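Listed below are the residues making up each chain.
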Amino acid sequence: DQQVKQNSPSLSVQEGRISILNCDYTNSMFDYFLWYKKYPAEGPTFLISISSIKDKNEDGRFTVFLNKSAKHLSLHIVPSQPGDSAVYFCAASALGQGAQKLVFGQGTRLTINP
Amino acid sequence: KAGVTQTPRYLIKTRGQQVTLSCSPISGHRSVSWYQQTPGQGLQFLFEYFSETQRNKGNFPGRFSGRQFSNSRSEMNVSTLELGDSALYLCASSFTGGANEQYFGPGTRLTVT
């Protein structure tokens, strides 16, 4: 039972344009969401997060949007840069049920083309 | 501050053997979580230790076990290895275990033949 799903295994975007990565979840108990970025041979690196009490969180070029009614979140990267090429994982947790347990999606490989 | 370190980085074992992986958290961090990453499955939570106690556990068989020492270093053991155990095993540390505080190590690539 995949509670967090990233339906696009890969995404290719031209440098300077917007990258939009999507994530869906099924568990209504999730109340905290995160995006991680992973380069080959390295562990995931925390990128940005959002609490369920908000619908948007911005950090520089990265913005995460949360649509609780649709159980959907997205990560926008504007403008996209070659260094953004990596695998992106969305993750969710239920703070009231053990915040330590992150449930991850399968990941989306983002490639930024010059 | 040194990051999370995992040893060994690569490991090849045969079916039926057992393996022990090690994780040293960031200094001062008391929580260590373990994840398994396989193609198509993303990262799956194995368990989390805080102050030497297992605080949370994922849906993995009993062949997967772990422990944490008084210095917060953690080990993960897999007994009776199966081909499907081939994966990247990641550990993450945090001070309290909060979701947005987890820092990941580079992982141990386990190959079971």
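As the structure is a computational prediction, the values presented were derived from the model and not from experiment.

Asker: I keep staring at the packing of aromatic side chains and nothing clicks. Help me out?
Answerer: What characterises a pair of aromatic rings is the spacing of the ring centres plus the angle enclosed by the ring planes. Counted according to the given criterion, the structure contains twelve aromatic pairs over all chains. Grouped by ring-pair contacts, the aromatic residues Tyr36(A), Phe46(A), Phe89(A), Phe104(A), Tyr35(B), Phe45(B) and Phe104(B) constitute a single cluster. If you follow Arg55(B) out to its NZ or CZ, it ends over the ring of Phe50(B), 4.2 Å from the centre.

Asker: When you look at the sheet that holds strand β3 (residues 19-25) of chain A in this model, what are you seeing that I'm missing?
Answerer: Picture the strands of a sheet paired through backbone hydrogen bonds; they go either parallel or antiparallel. Residue and element names in this part refer to chain A. Reading across from one edge, β1-β3-β8-β7-β6 is the order of the five strands in this open sheet, with antiparallel pairing throughout. The open sheet has two free edges, formed respectively by β1 (4-5) and β6 (56-59), since each of these has just one partner strand. Sheet analysis places strand β7 (residues 62-67) next to strand β8 (residues 72-77), joined by six bridges and oriented antiparallel. Bridged to Thr63 within β8 is His76.

Asker: Quick question: what am I supposed to make of the interface of chain B and chain A here?
Answerer: It is common to report an interface's size as the accessible area lost on association of the parts. Across the contact, 22 residues belong to chain B and 22 residues belong to chain A. Buried surface at the junction of chain B and chain A, both sides included, amounts to about 1,600 Å², of which 56% is carbon and sulfur. The tally of links between chain B and chain A comes to zero salt bridges. Summed over the shared surface of chain B and chain A, the result is three residue pairs in polar contact (both at pLDDT 80 or more). At the level of secondary structure, the elements contributing two or more residues to the side of chain B that touches chain A comprise β4 (31-38), β5 (42-50), β6 (53-57) and β9 (87-94) of chain B. With four residues, the top contributor of residues to the side of chain B that touches chain A is β5(B).

Asker: Looking at this model, I keep getting lost on the pattern of salt bridges. Mind explaining?
Answerer: Once their charged atoms are close, side chains differing in charge can pair, the charge on each being opposite to the other. A full pass over the atoms with the stated rule returns seven salt bridges over all chains. Residue Asp84(A) pairs with Arg61(A) through a salt bridge whose shortest N-O separation is 2.8 Å. Here Asp84(A) is found in the loop between β8 and β9 (86-93), whereas its partner Arg61(A) is found in the loop between β6 and β7, with 23 residues between them in sequence. In this structure, the salt-bridge partner of Asp85(B) is Arg63(B), at a minimum N-O distance of 2.9 Å. On the criterion of sequence distance, the pair formed by Asp85(B) in the loop between β8 (74-78) and β9 and Arg63(B) in the loop between β6 and β7 (64-68) is long-range, its members being 22 residues apart. When sorted by exposure, Asp85(B) lands in the same class as Arg63(B), which is buried.

Conventions we followed
Residues numbered from 1 in each chain as written. Chains lettered and ligands numbered in written order. Predicted model: local features only at pLDDT ≥ 70, side-chain atom pairs only at ≥ 80, totals over all residues. Heavy atoms only, no water. Phe/Tyr/Trp six-rings, centres within 6.5 Å; stacked < 30°, edge-to-face > 60°. Lys NZ or Arg CZ within 6 Å of the ring centre and 35° of its normal. Pairing = 2+ DSSP bridges. Helix = DSSP H or I, 4+ residues; strand = E, 2+ residues; numbered from the N terminus. Contact = heavy atoms within 4.5 Å. Buried area = accessible area lost by both parts, 1.4 Å probe. Salt bridge = Lys/Arg side-chain N within 4 Å of Asp/Glu carboxyl O. Polar contact = N/O pair within 3.5 Å; in protein donor to acceptor, adjacent residues only side chain to side chain. Buried < 20%, exposed > 50% of the residue type's maximum accessible area, 1.4 Å probe, protein only.

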